Amino acid sequence: MLYTQQVPPLIDRMKVDFAKAYPGITIEIQRGSGTSLTTKLDQERQGGMDGGDVVITVEILWLEDRVKEGNLRKPIGPSAQRWPAKYLLRDAIPVLALEPLVMAYNTSIVKTPVTGYQDLLRPEFKGRLGTTEVQAISIVAWYEWLEKTQGSDFLAKLAAQGPRIYTGAVPNTQATAAGEIAATAFSVPTVVMPLIEQGAPIKMVLPQPALGIRYAGGIIAGSKRPNASQVLVDYLMSPRGQAVWHSRGDSASPLPNIPGSPDANG
């Protein structure tokens, strides 16, 4: 059982490829926000319940706390032995992906291109803008970063635009593609790019500067399926798993020489 924050298109292609690589292991996936997944795992651990075996989350502080408590297993497969040391936190938390936070706008509605966050303060976006509720530490960091990079009054000005508040990147971007809103301040390439490929009238904007997030993995120490969990994490850390995740260019692999992947160090 994998608990993950990854977006549906990515989850789907990884599930299909993992089944091809390991047909003897059935993977079940539960997707949710960072805090909903970690809260559920905490409740399972405290209640001694069977549940999540592996988690992929941006809640790295939560993972580090679980390592301190002895509640995460170290990955021990061959891929872990070759994993770059700077992307293996506390010897137990592999950083599996790096992804920038981006904006998106509907090209059928917005005629003057958006190039940065300041453009979202234009009068045309009043009442037609989306952003995300605070549902994870990474989003707290993003809002704090906006204040630091866009000016201490930026969030007040953004609030004055009357944005609609969605839960994360998926509903924000889908609403933009559908024309429910004209633009979203919050999205990620793994959500935007599949919609563009399907013909949605949206454009992705990588602001300069941009804030990046890290997706990290953890093997739950109380897992009832410890061997299968090790196999799954080894797959995620392998060149094959990393290629499935990153070869479309919408996120960066910590491994070098993954075809299509941007440079994680950049």
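Here's what I pulled together on the structure shown here. (Residues numbered from 1 in each chain as written. Predicted model: local features only at pLDDT ≥ 70, side-chain atom pairs only at ≥ 80, totals over all residues. Heavy atoms only, no water.)

This paragraph deals with the pattern of salt bridges. A complete count under the given rule lists 14 salt bridges for this structure. A salt bridge links Asp50 to Arg225; the shortest N-O distance between them is 2.8 Å. Of this pair, Asp50 sits in the loop between helix 2 (34-47) and strand 3 (54-57) while Arg225 sits in the loop between strand 12 (212-220) and helix 9 (226-237), and the two are 175 residues apart along the sequence. Accessibility expressed as a relative area gives 33% for Arg225, which makes it partly exposed. Here Glu64 ties to Arg90 by a salt bridge, and the two come within 4.0 Å at their closest N and O atoms. Of this pair, Glu64 sits in helix 3 (residues 60-69) while Arg90 sits in the loop between strand 5 (88-89) and strand 6 (93-100), placing them 26 residues apart in sequence. Judged by relative accessible area, Arg90 falls into the partly exposed class, the value being 43%. Several salt bridges share partner residues, and in doing so they unite Asp42, Arg45, Arg66 and Glu69 into one network. (Salt bridge = Lys/Arg side-chain N within 4 Å of Asp/Glu carboxyl O. Helix = DSSP H or I, 4+ residues; strand = E, 2+ residues; numbered from the N terminus. Buried < 20%, exposed > 50% of the residue type's maximum accessible area, 1.4 Å probe, protein only.)

In this section: the environment of Leu96. With respect to the helices and strands, the residue Leu96 is situated in strand 6. Taking the C-alpha atoms as reference, Leu96 lies 8.7 Å from Ala252; in sequence the two are 156 residues apart. Ignoring sequence-local partners within four residues, the contact set of Leu96 consists of Ile56, Trp83, Tyr215, Ala216, Gly217, Leu236, Met237, Gln242, Trp245, His246, Ala252 and Pro254. (Contact = heavy atoms within 4.5 Å.)

Among the nonpolar cores identified, the biggest contains 70 residues, and Val114, Tyr117, Leu120, Trp142, Leu232, Leu236 and Trp245 are the most heavily contacted of them. Ignoring sequence-local partners within four residues, the contact set of Trp245 consists of Gln6, Leu10, Arg13, Met14, Ile56, Leu96, Ala97, Tyr215, Leu236, Asp250 and Ser251. With seven residues, the next largest nonpolar core counts Val102, Ala104, Leu195 and Ala200 among its residues. (Core = buried A, V, L, I, M, F, W, Y, C linked by side-chain atoms within 4.5 Å.)

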